[in-house]
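Understanding the architecture of this molecule
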Amino acid sequence: MELNCSIQNYEWGRKGSDSIIANLMKSSNPDFIINESLPYAELWMGTHPNGPSLLKGKNIFLEEYVRDNNHVLGKVLIDKYNGKIPFLLKVESVRKALSIQVHPSKEQAEMLHQSSPNIYKDDNHKPELAVALSKFETLCGFRPISEIKNYLRSIPELCFVIGHNEISHMFSSSESNFLDILKNCFINLMSQETEIVAEQLKKLIKRLSDLDETTRQSLKADLLERLYSDYPDDVGCFCIYLFNHVTLQPGEAMYIAANEPHAYLSGDCIECMSCSDNVVRAGLTPKLKDVETLISILSYTCEPASAKLFKPIKEDECTQIFKPPVQDFAVAKIVIPPRKSYDLIPRSTASIMIVISGNIEISDSQIFNKGSALFLSAEESISIKTTSCSEPVMIFQAFANV
Ligand SMILES: [Zn+2]
């Protein structure tokens, strides 16, 4: 069953035909008109109330359809998830940073929703998996201790904002209490007065502009300048020295567990998450910043950038599966060579898939162009034929990880 999915026009999205989302929509629906000045940031496939999918050609929400036809979900979703689809599949197209954030655990989400229902409207957790479709640039998790210390040694402006007391503790500390000190440093940084942050950022930007290229590179000058021009005076700019700067190549993936700080900076990706929109933001955003909550739920684990890569498992010659350590979702990436047909592996729960490249023909000779999103019932098996003699087909499919 083909879906009609919601587009989110968040300000940070790539605009017009620069956005993969606009191109996918145009390809799957010839009537779609691309507005070149509009950002096409996210495409949502699922039942979340902030962007619910409809069955194409009928005026029925997917949510209503699965409620009235519960058997299509499979036993686990009926028994364990109250007959709901527990995941949300997205395509994202990022032009500029979309806020430093963490997602609460299930328990924390319930508490936040109870204490501040106006801010935290959602009581679900939101672990997420991102698979890069183009070069996809992110900040993710705290850097290893040695890297953070190196930056502090060469960036007095950052030390000033954190405060010299904490900095001298950090350099005299043993490894065992480093994480407590890092936590204090981060609290100081994120709660520093705006004027002091603005003044030190300005000073650092000025100083970097006078340095030679090698030093500029070692201090990530280009990235800092880019973030500074999008979010001037925002304390999040300093976070590039504390968080790993991870760039995924197409096909590479990253899994972000609860409480892990991250920010997406640029590029296109497929993202899958628990059906939730629960975000605690603290920088690189014009939206509400809740530094206090962010600090209290953040995980202070220091790991190298390479530890952030999440590897898929090969299921057969066409399918790889990303199975994160949560039951709410798994994602299969299916690549079918030109002029081949392939029987999709049936899944024990309902699934949602999107064609990202190539056009396909399905069992009953229906043609679906790139950009088409389909809902499949549990155990549904379909045979897919590629229609082009030169372009391979690439499909992403989300289902519950059970
Ligand atoms: Zn996130």
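Remember, predicted model here, so these are calculated numbers, not experimental data.

Right, let's talk about the overall build of the protein chain for a bit. Scanning the protein chain from N- to C-terminus turns up twelve helices and 22 strands. The globule rule puts the C-alpha radius of gyration for 402 residues at 21 Å, and the 22 Å found for the protein chain is close to it. For the protein chain, the spread of C-alpha atoms along the principal axes amounts to about 70 × 45 × 40 Å. Put simply, of all contacts in the protein chain between residues at least 6 apart along the chain, 75% involve residues at least 24 apart.

Turning to the domain arrangement of the protein chain, a few remarks are in order. The domain boundaries assigned to the protein chain delineate domain 1 (2-140 + 247-295), domain 2 (144-241) and domain 3 (313-399). Relative to domain 3, the C-alpha centre of domain 1 lies at a distance of 20 Å. With 30 residues of domain 1 at the interface, the matching set in domain 3 holds 25 residues. When residues of the side of domain 1 that touches domain 3 are traced back to their parent elements, those giving at least two are strand S1 (2-4), helix H1 (20-28), helix H2 (62-68), helix H3 (75-80), strand S5 (87-94), strand S7 (128-132), strand S10 (253-256) and strand S11 (262-274). Take the side of domain 1 that touches domain 3: its biggest share by element is four residues, from H1.

What follows is about the sheet that holds strand S19 (residues 366-368). Hydrogen bonds between backbone groups are what pair the strands of a sheet, and the pairing can be parallel or antiparallel. Pairing is antiparallel across the open sheet formed by four strands, whose spatial order is S16-S21-S18-S19. Of all strands in the sheet, those bounded by a partner on one side alone are strand S16 (341-343) and S19. Taken pair by pair, the neighbouring strands of this sheet meet at an average axis angle of 30°, ignoring direction. Sheet topology note: the strand S18 (residues 360-362)/S19 ladder contains three bridges and is antiparallel. Considered in S19, the bridge of Ile-360 is made with Phe-368.

With that settled, the discussion passes to the pairing of S7. The buried fraction of S7 amounts to five of the five residues, a majority that puts the element mostly inside the structure. The alternating pattern of S7 places Glu-128, Ala-130 and Ala-132 on one face and Leu-129 and Val-131 on the opposite face, and all of these are buried. Here S7 runs beside S10; their pairing, made up of four bridges, is antiparallel. Looking at the pairing, Leu-129 lines up with Tyr-255 of S10.

Turning our eyes to something else, we now look at the nonpolar core. Among the nonpolar cores identified, the biggest contains 110 residues, and Ile-21, Phe-87, Val-131, Cys-272, Val-331, Ala-350 and Ile-354 are the most heavily contacted of them. Counting residues per element, this core draws most heavily on S11, at seven residues. Discounting residues that sit within four places of it in the chain, Ile-21 has contacts with Ile-7, Tyr-40, Leu-43, Val-91 and Ser-93.

Moving on: the sheet that holds strand S13 (residues 313-314). The antiparallel open sheet is built from eight strands, whose spatial order is S4-S1-S20-S17-S22-S15-S14-S13. Looking at which strands have only one partner, the edges of the open sheet turn out to be strand S4 (54-55) and S13.

It is worth spelling out helix H8 (residues 178-191) at this point. Look at H8: 20 Å from first C-alpha to last across 14 residues, which is about the 20 Å you get at 1.5 Å a residue. Every buried residue of H8 is accounted for by Leu-182, Cys-185, Phe-186, Leu-189 and Met-190. Across the axial projection of H8, the buried residues extend over an arc of 125°, all falling on one side. Across H8 from its buried face, at more than 90 degrees, point the exposed residues Asp-180 and Ser-191.

On to the environment of Thr-285, then. Among the structural elements, Thr-285 can be located in the loop between strand S12 (280-283) and helix H12 (291-297). What makes Thr-285 buried here is the crowd of 20 C-beta atoms within 10 Å. Along the primary structure Thr-285 and Glu-64 are separated by 221 residues, whereas in three dimensions their C-alpha atoms are 35 Å apart.

The next thing to look at is the packing of helix H7 (residues 164-172) against H8. Following both chains from N to C, one finds H7 and H8 inclined at 160°, their axes separated by 10 Å at the closest point. One finds that H7 runs roughly antiparallel with respect to H8. Here the hand of the crossing between H7 and H8 comes out left-handed. Seen from H7, the contacting residues are Glu-166, His-169 and Met-170; seen from H8, they are Ile-181, Asn-184, Cys-185 and Asn-188. For the contact of H7 with H8, the per-class residue count stands at three nonpolar, three polar and one charged.

Conventions adopted
Residues numbered from 1 in each chain as written. Predicted model: local features only at pLDDT ≥ 70, side-chain atom pairs only at ≥ 80, totals over all residues. Helix = DSSP H or I, 4+ residues; strand = E, 2+ residues; numbered from the N terminus. Rg over C-alpha atoms; globule rule 2.2 N^0.38 Å. Contact = placed C-beta atoms within 7 Å. Domains from an automatic or database assignment. Pairing = 2+ DSSP bridges. Axes fitted to C-alpha atoms, helices over the stretch in contact; angles between N-to-C directions. Buried ≥ 20, exposed ≤ 12 C-beta atoms within 10 Å, placed from the backbone. Core = buried A, V, L, I, M, F, W, Y, C linked by C-beta atoms within 7 Å. Expected span 1.5 Å × (residues − 1). Arc of directions from axis to C-beta. Parallel < 35°, antiparallel > 145°, perpendicular 65-115°, else oblique. Left-handed = near helix turned anticlockwise from the far one by under 90°. Nonpolar A, V, L, I, M, F, W, Y, C, P; charged D, E, K, R; others polar.

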